[in-house]
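Working through the structure, step by step
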Amino acid sequence: MTQKTVRAVVSGRVQQVGFRQSCRQMARSLGLVGWVQNLDDGRVEVLAQGEPEQIDRLVNWLWTGPAGAWVTGVESEAVSGDQTLRDFFIHADPSKSR
């Protein structure tokens, strides 16, 4: 089975709109593993791994996001896979862990 791993950074109004929760739900529905997290600069970072077609569907979804989000950009790149991933989860907000 061919796997694809992508790291994406989403810009715009993407925090405080349920973006991470919606991203996790979408990724799980596509059978992907990985994580999503807020960045200190207001963007959201996503690492997703799975079937190439499903990864592409998630990246396309990132351009829209959930209701309330206003996406102005998505930068994505292929990265090395992480074979330890077994689920798609939300990383804790980095600004709240200090």
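Structure report, in brief.

Scoring rules and cut-offs
Residue numbering note: each chain is counted from 1, following its sequence as written. Local features are withheld for residues below a pLDDT of 70 in this predicted model, meaning they are given only at 70 or higher, and side-chain atom pairs are given and counted only at 80 or more; totals for whole chains, interfaces and linings count all residues. As a rule here, side-chain values cover all heavy atoms of the structure and leave hydrogens and water aside. Numbered from the N terminus, helices here are DSSP runs of H or I no shorter than four residues, and strands are runs of E no shorter than two. Using a 1.4 Å probe on the protein chains alone, a residue whose accessible area is under 20% of its type maximum counts as buried, one over 50% counts as exposed, and one in between counts as partly exposed. Under the rule applied, a polar contact is a pair of N or O atoms within 3.5 Å (in protein, one hydrogen donor and one hydrogen acceptor; residues adjacent in sequence only if both atoms are side-chain atoms). Whether two residues are in contact is decided by their heavy atoms, any of which lying within 4.5 Å being enough. Taken from the helix axis, the directions to the C-beta atoms give the arc we talk about. We define a nonpolar core as any set of buried Ala, Val, Leu, Ile, Met, Phe, Trp, Tyr and Cys residues linked to one another through side-chain atoms lying within 4.5 Å.

1. Notes on the side chain of glutamine 37
Structurally, the position occupied by glutamine 37 is in strand 2 (residues 33–38). Judged by its relative accessible area of 17%, glutamine 37 falls in the buried class. A distance of 2.6 Å separates a polar atom in the side chain of glutamine 37 from a polar atom in the side chain of glutamate 45. Those residues within four positions of glutamine 37 in sequence are excluded, and the remaining contacts are Arg20, Arg43, Val44, Glu45 and His91.

2. A look at helix 1 (residues 19–29)
Among the residues of helix 1, Phe19, Arg20, Cys23 and Ala27 are the ones counted as buried. Along the axis of helix 1, the buried positions cluster into a sector of 90°, meaning they face one direction only. The outward face of helix 1, more than 90 degrees from its buried face, is lined by the exposed residues Gln25 and Ser29. The secondary structure elements touched by the buried residues of helix 1 are strand 1 (4–13), strand 2, strand 3 (44–50), helix 2 (52–62), strand 4 (70–78) and strand 5 (88–90). At the C-terminal side of helix 1, glycine 31 shows a positive phi close to 75°.

3. Quick look at the nonpolar core
Phe19, Cys23, Val46, Leu58 and Leu62 are the most contacted members of the largest nonpolar core, which has 23 residues in total. Broken down by element, the residue count for this core peaks at five residues, all from helix 2. Residues contacting cysteine 23, with those up to four places away along its chain left out, are Val36, Val46, Leu58, Trp61, Leu62 and Phe88.

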